[in-house]
Amino acid sequence: MGKKVSIIGSGFSGLAAATVLAQAKCDVTIFEKNDQAGGRARTFSEAGYHFDMGPSWYWMPDIFEKYFALFDRKPSDYFDLKLLDPGFAVFYAKDDVIELPASLEGIYELFEREESGGADSLKRFLKEAEIKYNLAVMELMYKPSLSLFEFANAAIIKNLPHLDVYNSFSTHMKKFFKSPRLLKLIEFPILFLGASSREIPALYSLMNYAAFNLSTWYPMGGFSKISEAMLAIAQENNVELRLNEPVSHIEVHNGIAKELITPRGSYSLDGVIGASDYHHTENLIGAKYRNYNEKYWSRKTLAPSCLIFYLGINKRIKNLRHHNLFFHEDLDLHSHEIYKDPQWPSKPLFYVCCTSKTDQNVAPIGHENLFILIPVAPDLKDDEEVRNRYYELVISKMQEILGEDFRKNIEYKKSYCINDFISDYNSYKGNAYGLANTLRQTAFLRPSVRNKKVKNLFYCGHLTVPGPGVPPALISGQIAARQLLRHL
Ligand SMILES: Cc1cc2nc3c(=O)[nH]c(=O)nc-3n(C[C@H](O)[C@H](O)[C@H](O)COP(=O)(O)OP(=O)(O)OC[C@H]3O[C@@H](n4cnc5c(N)ncnc54)[C@H](O)[C@@H]3O)c2cc1C
């Protein structure tokens, strides 16, 4: 019998940890509070529509490949990846839309059309971004970040000036581009990191390399195909998945975690990985064993939450693409109302995903499947009245900008917001994407993967290293699993 390891949570980070530990011959059990694996990437089907509940942008395909290669597999062994062309569309106003082509040549042409010399500026910008990507994503992101010394190798020191850790992204991009439209396009990918471009280090222009050079993809069938693939690998390696079984307590004796307690029983263990939101996992152990207190958490910058509408429309909407960004309002004002002065946004920008443009199986024939997302500050008062107000606002705005009425064609509607994130995922303050990647919350400055007082307890997921998003969650689970293996 291998060492007994329990994993709390079956999101991407938990599944990644489980598969790596099972491959190392541990006896792994995953405890999941919900009735489905996948965490924030769960799905639901209603009225003939099939919705992905969370992630929709498949970026950094190399990180997925690297994960599957651990098991001698490829993503294509499990799902078909479709290249999206255009990668996405940005709506600035009615009849004013930019589409980002899939090919780099097409993107250069677009930049030149928007701004004289734009193509050359973009080439220089992306050349720097590529260096950052190769160093930061392929090397630094896989480090456990337990100490500064991990980053003291020759390649990193030599390339430190290229990493641009001390400039803000906002200052950096303005050195290359002047056009407000291009600046919005360049700024958009870093919004995933959960802070405004003034707070995010210029290092993260690597996200533009990911978006522009590595393209935007869609796993046919939706994001659950990825968690299903990971679960298949887990189950081949005898991982047990216990759904509908929330962990309520981790029993610790003399600095060693001994047992997990759930409403169905208690389970002895040799090691445990908390793949639920970090703040919640800490609350499963006695206060004296926690890494951080409430004061610490209250000072942290969380990535945003969001208000989502899942809609089924009984007709096609002509001007929508697969990914649509409605950037008709001031990005700075919306960012300010998320990060600096948290409140419901006065003039929200929003994102619309229309998977039925690519995937016939997500809506009845001739219908559209829409996912509308408004980023909002975490911890706001969330109620039906607010949700309805924003629903009316976004539908009116979409109709105006797209030049097409579809309100009367909405035959299915469900909203999802802060209160749901808390009740479904034990999310801290209802965050959607974890902890932001600001300069003070990057690498070893993020909550540690290791519990400093409980030897066999480690954490993974989007509140620890390396950060928010699906590719980082895949890496985070691998890091935590390898750390635990060293201690078993
Ligand atoms: C709406 C939305 C859109 C997003 N879009 C993108 C995108 O396009 N691209 C991208 O890369 N990323 C995106 N993200 C971010 C990405 O989905 C997350 O960062 C990532 O999935 C987090 O994975 P995780 O394993 O850390 O956490 P989770 O997926 O939240 O998994 C944690 C799991 O722990 C379970 N759990 C909690 N408490 C307990 C308990 N006590 N006992 C047992 N189980 C418990 C939860 O139910 C959950 O299943 C999006 C997120 C959201 C919400």
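Since the model is a prediction, treat every value here as computed from it, not as a measurement.

A look at the sheet that holds strand β1 (residues 4-8)
Here is step 1: On the basis of which strands lie adjacent, the open sheet formed by 5 strands has the order β9-β2-β1-β13-β19 and parallel pairing. Looking along the sheet, the strands with just one partner apiece sit at the ends: β9 (240-242) and β19 (457-459). Going across the sheet, the axis of each strand differs from the next one's by a mean of 20°, ignoring polarity.
Here is step 2: Note: strand β2 (residues 27-31) against β9, 3 bridges, orientation parallel. Note on β9: the bridge partner recorded for Thr29 is Glu240.
Here is step 3: Strand contacts of helix α1 (residues 12-23): β1, β2 and β13 (271-274), with the helix running at about 165° to β2, the strand carrying the most contacts.
Here is step 4: Where helix α15 (residues 470-487) meets the sheet, it contacts β1, β13 and β19, and its direction lies at approximately 160° from that of β13.

Brief notes about unusual backbone geometry
Here is step 1: With an omega of 5°, the peptide bond between Asp85 and Pro86 qualifies as cis.
Here is step 2: The residue Pro86 is located in the loop between β5 (81-83) and β6 (88-93) in this model.
Here is step 3: In this structure, the amide linkage connecting Val465 to the following residue, Pro466, adopts the cis form with an omega of -5°.
Here is step 4: Its location among the elements puts Pro466 in the loop between β19 and α15.
Here is step 5: Despite not being glycine, Asn254 shows a phi value in the positive range, around 45°.
Here is step 6: As for its placement among the helices and strands, Asn254 is situated in the loop between β10 (249-253) and β11 (256-262).

Some details on the sheet that holds strand β17 (residues 368-376)
Here is step 1: Reading across the sheet, the 7 strands line up as β7-β6-β15-β16-β17-β14-β18 and stay open at both edges, with mixed pairing between neighbours. Two strands lie at the open edges of the sheet, namely β7 (96-100) and β18 (410-416), each paired on one side alone. Each strand axis lies, on average, 20° off the axis of its neighbour in the sheet, ignoring direction.
Here is step 2: By the bridge criterion, 6 bridges tie strand β14 (residues 305-313) to β18 in an arrangement that is antiparallel. Residue pairing in the sheet places Ile313 in a bridge with Ile410 of β18.

Some thoughts on the domain arrangement of the protein chain
Here is step 1: By domain assignment, the protein chain separates into domain 1 (4-76 + 221-299 + 440-487), domain 2 (105-214) and domain 3 (300-425).
Here is step 2: Here domain 1 and domain 3 have C-alpha centroids that lie 28 Å from each other.
Here is step 3: Taken residue by residue, the interface counts 19 residues in domain 1 and 19 residues in domain 3.
Here is step 4: Among the elements that take part in the side of domain 1 that touches domain 3, strand β4 (residues 49-52) stands out by supplying 4 residues, more than any other.
Here is step 5: The class makeup of the residues in the side of domain 1 that touches domain 3 is 6 nonpolar, 8 polar and 5 charged.

Some words on the pairing of strand β3 (residues 43-46)
Here is step 1: Note: β3 against β4, 4 bridges, orientation antiparallel. What sits directly across from Phe44, in β4, is Phe51.
Here is step 2: In sequence, β3 turns back onto β4 through a hairpin of 2 residues, with Ala47 there showing a positive phi of about 50°.

The rules behind the values
Residues numbered from 1 in each chain as written. Predicted model: local features only at pLDDT ≥ 70, side-chain atom pairs only at ≥ 80, totals over all residues. Pairing = 2+ DSSP bridges. Helix = DSSP H or I, 4+ residues; strand = E, 2+ residues; numbered from the N terminus. Axes fitted to C-alpha atoms, helices over the stretch in contact; angles between N-to-C directions. Contact = placed C-beta atoms within 7 Å. Domains from an automatic or database assignment. Nonpolar A, V, L, I, M, F, W, Y, C, P; charged D, E, K, R; others polar.

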